[in-house]
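Take a look at the letters that make up each chain.
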Amino acid sequence: MNLKKLQAYLQKSNLDVAYLSNPISIAYFTGYEMEPHERIFALLVFKDADPFLFTPALNVEEAKASAWEGDVYGYLDDEDPWQLIADHINKRTKETDHWAIEKDFLQVSRYEALHEVFPGSNFTTDLSQFISHLRLFKTSKEIEALKKAGEEADFAFQIGFNAIKSGVTERYIAGEIENQLKLQKGVMHTSFETIVQAGINAANPHLGPTMTKIKPNELVLFDLGTMHDGYASDSSRTVAYGEPTSKQREIYEIDREAQQAAIEAAKPGITASELDHVARKIIVDAGYGDYFIHRLGHGIGKDVHEFPSIMAGNDLVIQEGMCFSIEPGIYIPNVAGVRIEDCGVVTGDGFQPFTHTDKTLNVLPIRD
Ligand code: MN
């Protein structure tokens, strides 16, 4: 269905060949998920001919057994993949003048190799925008996978909260989460490195889990997600280990209020910029504006970060079917950090989160 849209776009734009090389784009159009590492992996789509997949020889059988129903051609490590691609194309069509490529992804050396086998062709058209626009609107099947990934994230929080005790390291808790996701849920990949941050580490938003040991009376921030059928989850919760200080509770409640307000405001018709402002205004008015140092949210789908970007200056009008995160944070250096994040889908009149772990400040008992 999406492939048909791509073919229609090629016809409308008078483009002969589309060369897709981002494995995520290829999976999006074919249903075949594969990471080729340094080898060549491409989807060739034509204005007037049948598309084909080109993969390393060792993936051909797997690709044929996948959801992809078109032709699959392979190459051995000692063959010239570019000449093979050219031969397959020339057998299909004589029209190869105008190409569309993924400029955000295609390496210069590979672009040059394509140019060498099609010296007279023009490669100026970029497909990236067309693809990211298509991917903005999720189908019900995609939303189903995003919900399943969200359920796994909710499970992961429970594992993480239960693993907190005095003296264990952030990295131990992150390891426990990832291990139990594999053991109990059969999760193959997390969508990014699980983040567990205790105390002042949480004021440093992208610091990975360290060997810092958990101590009583600090906030612990979790940011985690899984991949389910090729779709990502991404969610954050901040909990208190033992009684929080009044400052810790104050910034938690402000952040929660900001997140809740944005969830309630997210619906068709509001712009991304306005939505960011709904949450930001609450944090600014409470005096913590300088400590909310990132956009409100990002799109989610096959990539854990994709379009749309929910931020000031983005006048994109939010529409039904868009999926993104709402994740205000307050990070006070050397004091504490809080972030609360849910991803969800815009419905006809609101926003339906994919994660449901309770957001009332969870005060965990001190365990030794
Ligand atoms: Mn996120």
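I will try to describe carefully the structure that is included in this document.

So, how was this worked out
- Residues numbered from 1 in each chain as written.
- Predicted model: local features only at pLDDT ≥ 70, side-chain atom pairs only at ≥ 80, totals over all residues.
- Heavy atoms only, no water.
- Helix = DSSP H or I, 4+ residues; strand = E, 2+ residues; numbered from the N terminus.
- Buried < 20%, exposed > 50% of the residue type's maximum accessible area, 1.4 Å probe, protein only.
- Axes fitted to C-alpha atoms, helices over the stretch in contact; angles between N-to-C directions.
- Parallel < 35°, antiparallel > 145°, perpendicular 65-115°, else oblique.
- Left-handed = near helix turned anticlockwise from the far one by under 90°.
- Contact = heavy atoms within 4.5 Å.
- Donors = N, O, S within 2.8 Å, 3.2 Å for Na, K, Ca; no water.
- Salt bridge = Lys/Arg side-chain N within 4 Å of Asp/Glu carboxyl O.
- Phe/Tyr/Trp six-rings, centres within 6.5 Å; stacked < 30°, edge-to-face > 60°.
- Lys NZ or Arg CZ within 6 Å of the ring centre and 35° of its normal.
- Pairing = 2+ DSSP bridges.

**As for unusual backbone geometry**
- That bond from phenylalanine 307 to proline 308 is cis: its omega, 0 degrees, falls within 30 degrees of zero.
- Considering the arrangement of structural elements, one finds proline 308 in strand β13 (residues 306-310).
- Although it is not a glycine, histidine 37 sits at a positive phi angle of roughly 55 degrees.
- You can see histidine 37 is positioned in the loop between α2 (23-30) and β2 (42-46).
- Within the chain, aspartate 229 stands out as a residue other than glycine whose phi angle is a positive 50 degrees.
- Structurally, the position occupied by aspartate 229 is in the loop between β9 (227-228) and β10 (231-232).
- For aspartate 229, a relative accessible area of 61% translates into the label exposed.

**Some details on the packing of helix α9 (residues 246-265) against helix α10 (residues 272-285)**
- Put simply, α9 and α10 touch, their axes get as near as 8 Å, and they point 155 degrees apart. On the basis of the axis angle, α9 is roughly antiparallel to α10. Note on packing geometry: the crossing formed by α9 with α10 is right-handed. Of the residues in α10, those in contact with Ile254, Asp255, Glu257, Ala258, Ala261, Ala262 and Ala265 of α9 are Leu275, Val278, Ala279, Ile282 and Ile283.

**Comments concerning the coordination of the manganese ion**
- Around the manganese ion, the protein contributes the donor atoms Asp234 (OD), His298 (NE2), Glu327 (OE) and Glu341 (OE), which lie 2.1 to 2.4 Å from the metal centre.
- Counting along the primary sequence, the residues that act as donors to the manganese ion give the motif D-x63-H-x28-E-x13-E. Placement of histidine 298 in strand β12 (residues 297-299) and of glutamate 327 in the loop between β14 (323-326) and β15 (329-332) is noted, with a sequence separation of 29 residues between them.
- What makes histidine 298 buried here is its relative accessible area of 2%.
- Taking relative accessible area as the criterion, glutamate 327 reaches 8% and is therefore assigned buried.

**Looking at the pattern of salt bridges**
- Inspection of every chain in the model, using the stated rule, returns 16 salt bridges.
- For glutamate 253, the salt bridge goes to arginine 256, with nearest N and O atoms at 3.4 Å. Separated by 3 residues within a single helix, glutamate 253 and arginine 256 lie in helix α9, roughly one turn from each other.
- With relative accessibility at 29%, the residue glutamate 253 sits in the partly exposed group.
- Residue arginine 280 pairs with aspartate 276 through a salt bridge whose shortest N-O separation is 2.7 Å. Pair noted here: arginine 280 and aspartate 276 are both in helix α10, with a separation of 4 residues, about one helical turn.
- One salt-bridge network, held together by shared partners, links Arg135, Lys138, Asp303 and Glu306.

**With respect to the packing of aromatic side chains**
- Following the criterion strictly, the structure yields 14 aromatic pairs and no others.
- Between tyrosine 9 and phenylalanine 130, the aromatic rings sit 4.1 Å apart at their centres with planes inclined by 15 degrees, giving stacked as the arrangement. With a gap of 121 residues between them, tyrosine 9 in helix α1 (residues 2-12) and phenylalanine 130 in helix α6 (residues 128-136) connect regions that are remote in the sequence.
- The class of tyrosine 9 is buried, set by a relative accessible area of 17%.
- Note on phenylalanine 130: relative accessible area 17%, which makes it buried.
- With 5.2 Å between their ring centres and 80 degrees between their planes, tyrosine 28 and phenylalanine 29 make a pair best called edge-to-face.
- These aromatic residues form a ring-pair network of at least three members: Trp99, Tyr111, Phe118 and Phe123.
- We note arginine 280 situated over the ring of phenylalanine 292; from NZ or CZ to the ring centre the distance is 3.9 Å.

**Considering the sheet that holds strand β4 (residues 71-75)**
- Taken together, the 6 strands give an open sheet; going across it, the order is β4-β3-β2-β1-β5-β6, and neighbouring strands pair in mixed fashion. Single-partner strands in this sheet number two, and they are β4 and β6 (122-126). Each neighbouring strand pair of the sheet contributes to a mean axis angle of 25 degrees, computed without reference to strand direction.
- In terms of strand pairing, β2 meets strand β3 (residues 52-56) through 3 bridges, oriented antiparallel. Residue leucine 43 lies in a different strand from β3, and its bridge partner there is leucine 53.
- Across the sheet, α1 touches β1 (17-20), β2 and β6, and the angle it forms with β2 is around 55 degrees.
- Set on the sheet, α2 makes contact with β1, β2 and β3; between it and β2 the angle comes to about 55 degrees.

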